[in-house]
Amino acid sequence: MAGYLTSAAVKARLDTLATTYPALCKRSGPADWAAGWGGGLSGYVKVGASTAASPSPRWAVLITGGVHARELAPPDALMTFLEKMLAAYTASSAITYPAWTDPVSKIVYNSFTIPWPWVRRAVEYLDLYVVPLVNDDGRDFVLASGVPPADQQLHKMWRKNRRAAPSGLTDPKAVGVDINRNFDILWNFPLHYDTSLSDLAMHASTNPVDENYIGDVTSGSAESEPEVKNLANLMRSKQISYYLDVHLVGRDVLYPWGIESNQNATPAMNFTSASFDGKRDGISHAGYKEYIPKDMEAASAAAARHIADQILDKAGGSDPRGRARSTYKAIPSAQMYVASGTTADYCFSRWFAPVTGGAPTSPVMALVLEAGGDPKLGPAYNEGYFSPDYVKNYPKLEREVHVGAWTFLSMASATAFVQPVAP
Ligand SMILES: [Zn+2]
């Protein structure tokens, strides 16, 4: 897919940002970021400035992309997002995104502006960590050149990391673990869920050849993957309170939980309780639902809704056809599908004190932006599906990812810091 950045290119562009804006942008170091099994190591940057206006303490915010290898647009979009942010902050300037005409449909998507206060507050009020590309090795497998025709689909649709296949397995699909199923929240799902239910519809697998393979449940553990350890350590060590994970596709903004449907009435019915092991029953049954405080559910839903509204208002333009293709839904993650061990659920779960050894944590908001097309609406709405054409599809998606990220940061920077509390 010509145009998209390899892991080495992401690394080089992040290095350039840190050397161009040394006062605003710091690079991850070898001590806090490990390479993938294949050696990929683009890492992260921390963006932030301290001025008289800066609050203290301030929120730690994390934005990630490229967890899933084949989802090509988010890492590039987060790279240009950082570049625009740092250039605009240095120039004390708003950011005007020019109009863009879809070369296929001829739909014109209007110009829009991110106001200067959003730029200033993002840099001065927050400690912002951005990991444009979590899954370096997977990305490079997708973008590999010279692949024989028989293997091209395998490369193009690769989702996992590149951990070597378990011994004895020669199927090329047995390589890798799904990073977004390897976090420490109900990770070993056959233990935690009632897998005898035919309609459990769990989107996770213990079979290494599956694209949502969680890792080795016999002799392994959650956080077995270097990419997962990197992110989980960052969430813990930096006390991340606002998290946005950018994926393709679906045109959704997802809020917690992904592990189950939500309930507000029974705090004891939650993911930390072993007494519900084997009884968690997915969204088709009401025997088990996951506890989320009512006000946190409302705040998460409102934030997801606000991101969807801003994407439509700013990036969607005025042509009704364009607006139809820029309409995002705000839904609980489990409504897309039930999954254990996800990045966003783990980050959100850190707020629940029992998991973190009794140490209260500042409230956490963890959302997932599923950018791109909506395959359910037909081929005209696909926006290139997992592999958006860099010229025909990517520019539209880049605008949407940028508006989503700007809106998220604007909300975080407008919220007064709350000291750590137990839920
Ligand atoms: Zn994904």
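This structure is a prediction, so every number in the text was calculated from the model and none was measured.

1. A look at the sheet that holds strand 1 (residues 25–27)
Now for step 1: Spatially, 1-2-8-3-9-14-10-13 is the arrangement adopted by the 8 strands of the open sheet, whose pairing is mixed. Each having just a single partner strand, strand 1 and strand 13 (329–332) make up the two edges of the open sheet. Pairs of neighbouring strands in the sheet enclose a mean axial angle of 20°, with direction left out of account.
Now for step 2: As defined by bridge partners, strand 2 (residues 45–47) adjoins strand 8 (residues 127–131) across 3 bridges and the pair is classed as antiparallel. Looking at the pairing, Val-45 lines up with Val-130 of strand 8.
Now for step 3: Sitting on the sheet, helix 8 (residues 294–315) is in contact with strand 10 (252–255), strand 13 and strand 14 (365–371), with an inclination near 165° to strand 10.

2. Some points on the packing of helix 3 (residues 116–125) against helix 12 (residues 394–413)
Now for step 1: Contact pair helix 3 / helix 12: the axes reach a minimum separation of 9 Å and the direction vectors enclose 60°. When the axis of helix 3 is compared with that of helix 12, the two are oblique. In terms of crossing hand, the pair formed by helix 3 and helix 12 is left-handed. Residues Trp-118, Arg-121, Ala-122 and Tyr-125 of helix 3 form the contact with helix 12, whose own contacting residues are Trp-406, Leu-409, Ser-410 and Ser-413.
Now for step 2: When its residues are assigned to classes, the contact of helix 3 with helix 12 shows 5 nonpolar, 2 polar and 1 charged.

3. Thoughts on the packing of helix 2 (residues 73–90) against helix 12
Now for step 1: Look at helix 2 against helix 12: their axes get within 9 Å of each other, and the N-to-C directions meet at 60°. It follows that helix 2 is oblique to helix 12 by the angle criterion. The interaxial crossing formed by helix 2 with helix 12 has right-handed handedness. From helix 2, Ala-73, Pro-74, Ala-77, Leu-78, Thr-80 and Phe-81 reach across to helix 12, where they touch Tyr-394, Leu-397, Glu-398, Val-401, His-402 and Ala-405.
Now for step 2: Residues belonging to the contact of helix 2 with helix 12 are distributed by class as follows: 9 nonpolar, 2 polar and 1 charged.

4. Brief notes about unusual backbone geometry
Now for step 1: That bond from Leu-248 to Val-249 is cis: its omega, 0°, falls within 30 degrees of zero.
Now for step 2: Examined against the element boundaries, Val-249 turns out to sit in the loop between strand 9 (242–248) and strand 10.
Now for step 3: Cis geometry is found at the peptide bond from Pro-256 to Trp-257, where omega equals -5°.
Now for step 4: Along the polypeptide, Trp-257 turns up in the loop between strand 10 and strand 11 (262–263).
Now for step 5: A positive phi angle, close to 60°, is found at Arg-251, a residue other than glycine.
Now for step 6: Position of Arg-251 among the secondary structure elements: in the loop between strand 9 and strand 10.
Now for step 7: Residue classification places Arg-251 among the buried positions, given that 24 C-beta atoms sit within 10 Å.

Cut-off values and rules
- Residues numbered from 1 in each chain as written.
- Predicted model: local features only at pLDDT ≥ 70, side-chain atom pairs only at ≥ 80, totals over all residues.
- Pairing = 2+ DSSP bridges.
- Helix = DSSP H or I, 4+ residues; strand = E, 2+ residues; numbered from the N terminus.
- Axes fitted to C-alpha atoms, helices over the stretch in contact; angles between N-to-C directions.
- Contact = placed C-beta atoms within 7 Å.
- Parallel < 35°, antiparallel > 145°, perpendicular 65-115°, else oblique.
- Left-handed = near helix turned anticlockwise from the far one by under 90°.
- Nonpolar A, V, L, I, M, F, W, Y, C, P; charged D, E, K, R; others polar.
- Buried ≥ 20, exposed ≤ 12 C-beta atoms within 10 Å, placed from the backbone.

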